[in-house]
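# Residue-level structural notes
Below are the chains, spelled out letter by letter.
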Amino acid sequence: MPSHCCVPKCTTNYSRSDINVSVFSLPKDPGRRRQWLRAIGRQEYSVGKSSVVCIRHFEEGSVLREDRATRVDGSVLAVPRVRLKLCPTACPSLHLGSSTVAPAQEYRGVRNDASLVPPIRQTASIFKQPVTVYRTQEGKVKADFKHGPQEKPKQLFWEKRLEGLRASDAHGNPLEPMELPRSLRPAGPGVTDETLLQSVATALHVLGQPITGQTNMKPGSDKNPAVFINPDQPLIQAVSISDDDIKRQEERVNLARKRLQEAMKEYDP
């Protein structure tokens, strides 16, 4: 049968609903025992083996709910206590001499302690407590697929970070810059031909969609280019390719292949 709290007008453990309320025996040290008796207003009280004070009369900072140990690697292992313990200087200070005591639900006892979560098993204090240490914790945040898969934001004008970089041959000599067709015009403030070339080259290797250029550019877009720039397209103005352009490009490719074949024949042993 649980012991009754000896604080006047406290009804802890007088009903079945209080079986989970933690209680603490009075100190064995005569000086501290007198301090407790003066605090609860019972200086003439005869202390016995079953004389206890419940947790409702102690500040939260006076209650030890876990044991801590430092490992060799510097990490701290915290083990929740099955039986709560008081600090060496703890003394009753709450709800003393009052007929109204806070309900048991506001205090955490042995069985309803929120810190005792699996895999900690609540056992009697005379047995060893099995403890499982988790070094990692799985996140409980679930991905929100309400609006479909979310893509990472792309930085505008990131190609400017490549300005001043030049490709070199095997001997370290810089290669001559390429000349772009006149129909390719830059889009955006301060976009040079070099930046335009880097933007187009990246789009050809990375994008899995047709390259159309910046189709939303309007007069005066340089004042606020971030509103009109499409980060999925290179920094070129909208390009329209006609059938004549395709034919001329085919002729250039065929001519380049022909010259390559002739060059290979000359060096063929």
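The sections below set out a description of the structure shown in this document. Please read all numbers here as calculations on a predicted model, not as lab measurements.

A few words on the overall build of the protein. The number of helices and strands found in the protein is four helices and four strands. Along the protein, helices and strands appear, N-terminal first, in the series β-α-β-β-β-α-α-α. Burial analysis of the protein (269 residues in total) assigns 24% to the buried set. A fraction of 62% describes how many contacts in the protein between residues 6 or more apart in sequence connect residues 24 or more apart. On the protein, roughly 20,500 Å² of surface is accessible, and the fraction owed to carbon and sulfur atoms is 53%.

Another point: the environment of Asn173. On the secondary structure map, Asn173 appears in the loop between strand S4 (76-86) and helix H2 (193-206). Apart from residues lying up to four places away in sequence, Asn173 is in contact with Ala167 and Ser168.

Before going further, it helps to examine the packing of aromatic side chains. Following the criterion strictly, the structure yields two aromatic pairs and no others. Judged by centre distance (5.6 Å) and plane angle (85°), the rings of Phe24 and Phe58 are edge-to-face. Note that Phe24 is positioned in strand S1 (residues 23-25) and Phe58 in the loop between strand S2 (52-54) and strand S3 (63-70), a separation of 34 residues in sequence. Residues Phe24 and Phe58 agree in their burial class; the two are buried. Residues Trp36 and Phe58 carry aromatic rings whose centres are separated by 5.3 Å and whose planes lie at 55° to one another, so their mutual orientation is tilted. With Trp36 in helix H1 (residues 30-40) and Phe58 in the loop between S2 and S3, the pair connects residues that are 22 residues apart, well separated along the chain. Here Trp36 falls in the buried class, since its relative accessible area comes to 2%. Residue classification places Phe58 among the buried positions, given a relative accessible area of 3%. Clustering of aromatic rings is evident, with ring pairs tying together Phe24, Trp36 and Phe58.

Bringing the layout of surface pockets into the picture now. Within this model, the largest pocket holds a volume of roughly 780 Å³. For the lining of the largest pocket, the secondary-structure elements that each account for two or more residues are H2 and helix H4 (243-267). Looking at the lining of the largest pocket residue by residue, the classes come out as 14 nonpolar, four polar and four charged.

It is worth spelling out the pairing of S4 at this point. Pairing of S3 with S4, which is carried by seven bridges, proceeds in the antiparallel orientation. Within S4, the position partnered with Ala69 by the bridge is Leu77. As consecutive antiparallel partners, S3 and S4 are separated by five residues, and within that stretch Gly74 has a phi angle of approximately 95°, a positive value.

This part is about H2. A rise of 1.5 Å per residue sets the reference length of H2, with its 14 residues, at 20 Å; its end C-alpha atoms lie 20 Å apart and thus fit the reference within 8%. Listing the buried residues of H2 in full gives Thr195, Leu196, Gln198, Ser199, Val200 and Ala203.

The next thing to look at is H4. Because an α-helix completes one turn every 3.6 residues, residues spaced three or four positions apart along the sequence face the same direction. Across its 25 residues, H4 extends 37 Å between first and last C-alpha, which sits within 8% of the 36 Å expected from 1.5 Å per residue. Counted residue by residue, H4 has zero buried out of 25 residues, so it is predominantly exposed.

Taken as a whole and judged by the stated rule, the model has four salt bridges. In this structure, Glu66 and Arg68 form a salt bridge, with 2.7 Å as the shortest nitrogen-oxygen distance. Judged by its relative accessible area of 32%, Glu66 falls in the partly exposed class. Among the residues examined, Arg68 registers a relative accessible area of 60% and is labelled exposed. Of the charged contacts, one joins Asp67 and Arg81 as a salt bridge, the two residues approaching to 2.9 Å between their closest N and O atoms. A residue pair is termed long-range when its members are at least 10 positions apart, and Asp67 in strand S3 and Arg81 in strand S4 qualify at 14 residues.

Definitions and limits used
- Residues numbered from 1 in each chain as written.
- Predicted model: local features only at pLDDT ≥ 70, side-chain atom pairs only at ≥ 80, totals over all residues.
- Heavy atoms only, no water.
- Helix = DSSP H or I, 4+ residues; strand = E, 2+ residues; numbered from the N terminus.
- Buried < 20%, exposed > 50% of the residue type's maximum accessible area, 1.4 Å probe, protein only.
- Contact = heavy atoms within 4.5 Å.
- Areas by Shrake-Rupley, 256 points an atom, 1.4 Å probe, with all protein chains shown as cover.
- Phe/Tyr/Trp six-rings, centres within 6.5 Å; stacked < 30°, edge-to-face > 60°.
- 1 Å grid on protein atoms, 1.4 Å probe; cavity = no way out; pocket = protein on both sides within 12 Å on 5 of 7 lines; lining within 4 Å.
- Points joined across faces, edges and corners; volume = space filled by probe spheres on them.
- Nonpolar A, V, L, I, M, F, W, Y, C, P; charged D, E, K, R; others polar.
- Pairing = 2+ DSSP bridges.
- Expected span 1.5 Å × (residues − 1).
- Salt bridge = Lys/Arg side-chain N within 4 Å of Asp/Glu carboxyl O.

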